[in-house]
Amino acid sequence: MSKKLDYSLLELASVREGDSVSTTLANSVAYAQHAESLGFKRFWLAEHHNMEGITSSATSVLVGHIAGETNSIRVGSGGVMLPNHPPLVIAEQFGTLECLYPGRIDLGLGRAPGTDQITARALRRESIGAEQFPEDVAHLQSLLGPLQPGQQVKAIPGAGTNVPIWLLGSSLYSAQLAAMRGLPYAFAGHFAPRLYREALRVYRDNFQPSEQLQQPYAMLAIPAVPADSLDEAKHLTTTSYQRILALFRGQPLWMKPPVDSMEGLWNAAEEAGVKDFLGLQVLGNSTDIKQQLDELLSDIQVEELMFTVDIYEPEKRRHALNILAESLSDD
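Residues numbered from 1 in each chain as written. Predicted model: local features only at pLDDT ≥ 70, side-chain atom pairs only at ≥ 80, totals over all residues. Heavy atoms only, no water.

Overall, the coordinates contain nine aromatic pairs when judged by the stated rule. On the numbers, 5.2 Å between centres and 85° between planes, the contact of Trp44 with Trp166 is edge-to-face. Taken together, the residues span a long stretch of sequence, with Trp44 in strand E2 (residues 42–45) and Trp166 in strand E5 (residues 165–169) at a distance of 122 residues. For Trp166, a relative accessible area of 3% corresponds to the buried category. A ring pair is formed by Trp166 and Tyr217, whose centres lie 5.6 Å apart and whose planes are at 90°; its orientation type is edge-to-face. Remark: Tyr217 occurs in the loop between helix H7 (196–206) and strand E7 (218–226) and Trp166 occurs in strand E5; sequence separation between them is 51 residues. Among the residues examined, Tyr217 registers a relative accessible area of 17% and is labelled buried. One aromatic cluster in this structure is built from Trp44, Trp166 and Tyr217. In this structure, Arg16 is placed above the aromatic ring of Tyr312, and the distance from its NZ or CZ to the ring centre is 4.5 Å. When the ring centre of Tyr173 is taken as reference, the NZ or CZ atom of Arg111 above it lies at 3.8 Å. (Phe/Tyr/Trp six-rings, centres within 6.5 Å; stacked < 30°, edge-to-face > 60°. Helix = DSSP H or I, 4+ residues; strand = E, 2+ residues; numbered from the N terminus. Buried < 20%, exposed > 50% of the residue type's maximum accessible area, 1.4 Å probe, protein only. Lys NZ or Arg CZ within 6 Å of the ring centre and 35° of its normal.)

In structure tokens form, the structure reads like this:
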């Protein structure tokens, strides 16, 4: 790579088939602690609801838990799905987190519900959706900023904490909004790779400096399956294949063990869809991954990479971080 990038992790707290939520969250803590020991910059948790197999729904609670079990790594949301929540509630939650773990909390925001429409209505209980996202972002920024004379609604805690806000997206919309508001931007290439070049270009070309950020700061999230060999990585990635296939079929998203072959588990159209979903995936040993990242980064400009690592065995998943860190350590 032409320059050393920061590297981070996105966590869904995925449940292995047969495991408990308690075991899953203990594995997430060990994973975050190992990432911290290797120098990863951030550990973000994603908000999803009504999805069997994903346990990061109470995102702010898990952010606090992971931050409390680590010492230096930044912990945050990747993201909080803002249409699900009143901005005041999020300001109070993340303001409290910032007071508990000063300088370590990030607030990534998305405008999708992170669930189905019925569950979205159950979460918000009113007809407020993504169309109010820009206003909600502005309101949240004001609640986390300094108190203003005559301000009637205050986030206590929250006011004056200036928790760093990120906008997340998988299309051009949030890229434009992040640029306009002078916020850092993360593109969700780990599940929606199609528009990553265009979104990153729109963000950088239209960026307007703000009090939070003087220069554009972009992050790209991608899937990774680091292993000791390319053959082993290809075997391990069948866990991801099975989960995405289950997503397409509307089935529970339990993590399943890797299989020797996907033949008979999917049809040709499903195979094409799953592999398109994982279009930005990097896999193999540290040399393989470094080469793939060099190719990926040859025509885009980002300051940071965020990886999703979907590996069934917790020990292999932590070992994968060693390989990933090695692949990113050389300029």
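Here the narrative resumes, following the displayed structure.
The subject of this paragraph is the pattern of salt bridges. For the structure shown, the criterion picks out 14 salt bridges. With its nearest N and O atoms 3.0 Å apart, the salt bridge here joins Lys316 to Glu232. On the criterion of sequence distance, the pair formed by Lys316 in helix H12 (residues 314–329) and Glu232 in helix H8 (residues 230–236) is long-range, its members being 84 residues apart. A residue is classified by how much of its surface remains accessible, and Glu232, at 22% relative accessible area, is partly exposed. (Salt bridge = Lys/Arg side-chain N within 4 Å of Asp/Glu carboxyl O.)

Taken N-terminus to C-terminus, the directions of helix H2 (residues 59–68) and helix H3 (residues 87–100) make an angle of 0°; their axes are 10 Å apart at the nearest point. As the angle between them shows, H2 and H3 are arranged roughly parallel. Along its contact with H2, which presents Ser60, Val63 and Gly64, the element H3 presents Gln93, Phe94 and Leu97. Each residue belonging to the contact of H2 with H3 can be placed in one class, and the counts come to three nonpolar, three polar and no charged. (Axes fitted to C-alpha atoms, helices over the stretch in contact; angles between N-to-C directions. Parallel < 35°, antiparallel > 145°, perpendicular 65-115°, else oblique. Contact = heavy atoms within 4.5 Å. Nonpolar A, V, L, I, M, F, W, Y, C, P; charged D, E, K, R; others polar.)

Okay, the pairing of strand E1 (residues 6–11) next. The element E1 is largely enclosed, with a buried count of five among its six residues. Bridge analysis of E1 against E2 gives three bridges, and the strand direction is parallel. Opposite Glu11, over in E2, you have Leu45 as the bridge partner. Each parallel crossover has a hand, and for E1 linked through helix H1 (residues 21–38) to E2 it is right-handed. (Pairing = 2+ DSSP bridges. Right-handed = clockwise from strand over helix to strand, strands pointing away.)

Moving on, we come to the packing of H1 against H12. It is at 10 Å that the axes of H1 and H12 come closest, and there the two elements cross at 20°. Here H12 runs roughly parallel to H1, going by the angle between their axes. Along this stretch, H1 crosses H12, giving a crossing that reads as right-handed. Of H12, the residues touching H1 (which contributes Asn27, Ala30, Tyr31, His34, Ala35 and Leu38) are Pro314, Arg317, Arg318, Leu321, Asn322 and Ala325. Here the residues of the contact of H1 with H12 sort into seven nonpolar, three polar and two charged. (Left-handed = near helix turned anticlockwise from the far one by under 90°.)

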